[in-house]
Each structure stands twice: as C-alpha cells, then as structure tokens.
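Close look at the chain arrangement
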Amino acid sequence: PCRMSSWCTIESDPGVFTELLTTWGVEAVQVEELYSLDDAVFADLTPAYGLIFLFKWRAGERDERPVISVPGLFFARQVINNACATQALLSIILNCPHVSIGKDLSEFREFTREFTPEVRGLALSNCDLVRETHNSFARPEPWVVDKEKVADEDDDVYHFIAYVPFNGVLYELDGLKDGPISLGPCTSDDWMLIARPEIQKRIESYSHKEIRFNLMAMIKSKRVVYGETLERLGQELQCLGEGDEDASRRIAVEEQIVTIRHKLQNEEEKIERWRQENIRRRHNYVPFIVELLRILAQNKQLMPLLERAMEKERKKKEEAKKEETEPTKNMSS
C-alpha cells in the first residue's frame, strides 16, 4: 500500500483524470484521450482548456528553449515523485479563470498566487485534498514496502507535461523545468493547431519503434455541451412557423436533435463505464487471489496448473524463435 505522505503512481486514463477533477470540486469538465493529431479530432474537442502529453523521460536531455516568468499564470515546480500527472491537470485547470474549480482549489490558487514556482510545488505536495485523491487510485500491493523504489537507468520513466492557452499565448508547462515556455501567440480557436507541431516534434525525436505516448485533452463536459445544444435546438423548434421554409428547417432541427440525443446517450454510457472501471481499480483483489491459490494448493491442483502454464509458455517461445529463424533461411536461399 501507498503511504499517504508519499505520492503513488497512477494510471494514465481519462476516466481516472476526470474523477480526480470531479473529486477536487471542478464542475462540468472532463478529460478525453486522443488517438491522432488530425484536424477532425481537434475540431470535436471545443471548447478545450488544455492538452496533457505523456512521453518517455530521457535523462540528460537538454532543452535550450528559454523559460520565462508570466504574471498571473499558475506554474509549480515538481518537487515530488509520481505527481506529474496530477500536476499537469492542475497546471491546466488552475489557469482557466472561467471554469468553476470549487472552493478548495480556488483557495489554494489564491493562497499560492504570490509564491515562487518552488514554494508553490511544496505547497502542492502538502495539499491533503489533492494528495489523498491522487493516492486513492494507487494499486493495491500484497507487501508493505518501507522504502520507496527509486528508478534506475534500466527503468522506463514517463513524464506528463501540459499545453495551456493563457491571455492570448500558448505555454508549455513542465514541472521539471524552472518556468513556463512560450510557444507564441494564439487564440481560443487555433491554440491546439499551434501545439500540434510541438507535440509532433517531440514524438519524432524518438526512435520509430517508440510508440508509448499518450495525449489527452481537458474539455468542457460533453454531457453539458450536448444538454445545452438540445436546449437551444428545442427553443428554435418552438419558434418555427408552418411555412415551407420553416418546415424544411424543422426537419433539419429534428434530425439534429435525434443525433445529439444519441451522442448524449453514448456519453452517459461511457461515464458509467468509467465509474465501474474506477471501482475495479480501487478494489483490492489480492486477498481473493491468495485465497484462490491456497485452495488450489490444498486440493493439489496448483502445481499441475503451474506446470501446464510453464509448458505452454515454453512452446510459445520455441514457436516465436522458429518464426524468427525461418525468414533468415528464406533470404539465404
């Protein structure tokens, strides 16, 4: 189990991040996973508040871009391990003045307004609400470990950064750096298009075999957006008359209403699926697994099952090795 004074690794998942935001008191906001950088994907995200990008961190990598100080922009240095996902979320939501973020986060933002990035990072590490919600998604472990594991050079370490539009400028916020990086002027309509080449450039700096990237967007709740759209369309429908032009428009509006209702239903089902998945993430299956193994051993079924599994794995490796050598033989012939 994770000690509540430390920060545990959590899964990079839109359902997890959305529940984190909701538990902190943020209203009408959700996180969506993106599978491409196409215009059509970005167009479906409006209004969007920021992007969260996960990539493999490489020790010793230099970044010559200058960091700056931006009055009013929330930026905190990352002073604790495993908190970069939560820090990326907060880097976006605490820079959205028009989003209701709840009493606790509002007070935290105001309390840390005049702090340096380092002190702000320390304040974040000691914020009970944020830490305890983050750690509620820690994976149950069968053993209690007194010493935290420190990654060595053979371990894959991943890091989150945020892209946030603020006062007409797009910023890259990385808690491992000394300050924000300006990516240039932007508008509420084009900031994601400006962020796209920056993300693409970072992806292309890795080997073509590296595919472990994750991009998510923090957006206005789709349920709220669809609800507002249905209300607007319903009002328009009531105002339409009986003429030919109005009749044609009525048909179009009714078709839109059917489409939006279908999207809303799909969204409700997705949110419920996220809720169920998060319950399973938090559930401790270790006692069940230990008891199952104990019963199998008691009935003398454990070792035969283990031996069959090992034999199956051995054959699988032999077949894979055979497939690797066959192309070489064909090429030599």
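Definitions and cut-offs
All chains use their own residue numbering, which begins from 1 and follows the written sequence. Thresholds applied to this predicted model are a pLDDT of at least 70 for local features of residues and 80 or more for the giving and counting of side-chain atom pairs; totals over whole chains, interfaces and linings are not thresholded and use all residues. Water and hydrogen atoms were dropped before computing side-chain values, which therefore reflect all heavy atoms in the structure. Only DSSP runs of H or I reaching four residues or more are called helices, and only runs of E reaching two or more are called strands; each is numbered from the N terminus. Type-normalised accessible area, obtained with a 1.4 Å probe on protein chains alone, sets the label of each residue: buried when under 20%, exposed when over 50%, and partly exposed for intermediate values. Whether two residues are in contact is decided by their heavy atoms, any of which lying within 4.5 Å being enough. All accessibility values rest on the Shrake-Rupley procedure with a 1.4 Å probe; residue burial counts only the protein chains present in the view. Nonpolar cores were defined as sets of buried Ala, Val, Leu, Ile, Met, Phe, Trp, Tyr and Cys residues, with membership established by side-chain atoms within 4.5 Å. Just to be clear on terms, a salt bridge is a Lys or Arg side-chain nitrogen sitting within 4 Å of an Asp or Glu carboxyl oxygen. To obtain each axis, a line is fitted to C-alpha atoms, and for helices this fit is confined to the stretch in contact; angles are then taken between N-to-C directions over 0 to 180 degrees. When the near helix sits turned anticlockwise from the far one by under a right angle, the crossing is termed left-handed; a clockwise turn instead gives a right-handed crossing. Gly counts as polar in this scheme, as do all residues outside two lists: the nonpolar Ala, Val, Leu, Ile, Met, Phe, Trp, Tyr, Cys and Pro, and the charged Asp, Glu, Lys and Arg.

Moving on: the overall build of the protein chain. In terms of regular secondary structure, the protein chain is built from eleven helices and six strands. Of all 333 residues assigned to the protein chain, the portion counted as buried reaches 38%. Sequence separation of at least 24 residues holds for 76% of the intrachain contacts in the protein chain that already meet a minimum separation of 6. Of the roughly 20700 Å² that the protein chain leaves accessible, carbon and sulfur atoms contribute 54%.

What follows concerns the nonpolar core. In this structure, Phe-17, Ile-93, Leu-105 and Phe-160 are the most contacted members of the largest nonpolar core, which totals 46 residues. The greatest single-element share of this core, amounting to seven residues, is contributed by helix α3 (residues 84-93). Contact partners of Phe-160, with chain neighbours within four places excluded, come to Ser-12, Phe-17, Ile-52, Phe-53, Leu-54, Cys-84, Ala-85, Ala-88 and Met-216. Core analysis: the next-biggest nonpolar cluster, separate from the first, contains 23 residues, Leu-37, Phe-53, Trp-191 and Tyr-206 among them.

With that settled, consider the pattern of salt bridges. By the definition in use, this model includes 28 salt bridges. As a salt-bridge pair, Glu-110 and Arg-113 come within 3.0 Å of each other at their nearest N and O atoms. The residue Arg-131 makes a salt bridge to Asp-128 at a minimum N-O spacing of 2.8 Å. Taken together, the residues Arg-131 and Asp-128, both in helix α6 (residues 128-135) and three residues apart, mark about one turn of the helix. Given a relative accessible area of 10%, Arg-131 falls into the buried group. A single salt-bridge network, built from bridges that share partners, covers Asp-63, Arg-65, Glu-172, Asp-174, Lys-177, Glu-198, Lys-201 and Arg-202.

Another point: the packing of helix α1 (residues 14-24) against α6. As a packed pair, α1 and α6 sit with axes 10 Å apart at the nearest point and diverge in direction by 145 degrees. For the pair α1 and α6, the crossing hand works out as right-handed. Residues Leu-20, Thr-23 and Trp-24 of α1 form the contact with α6, whose participating residues are Leu-129, Val-130, Thr-133 and His-134. Its residues placed into classes, the contact of α1 with α6 shows four nonpolar, three polar and no charged.

Every α-helical turn comprises 3.6 residues, leaving residues that sit three or four positions apart pointing alike. Taken together, the buried positions of helix α5 (residues 117-125) are Arg-120, Gly-121, Ala-123, Leu-124 and Ser-125. On its buried face, α5 sits against α3, α4 (102-111) and α6.

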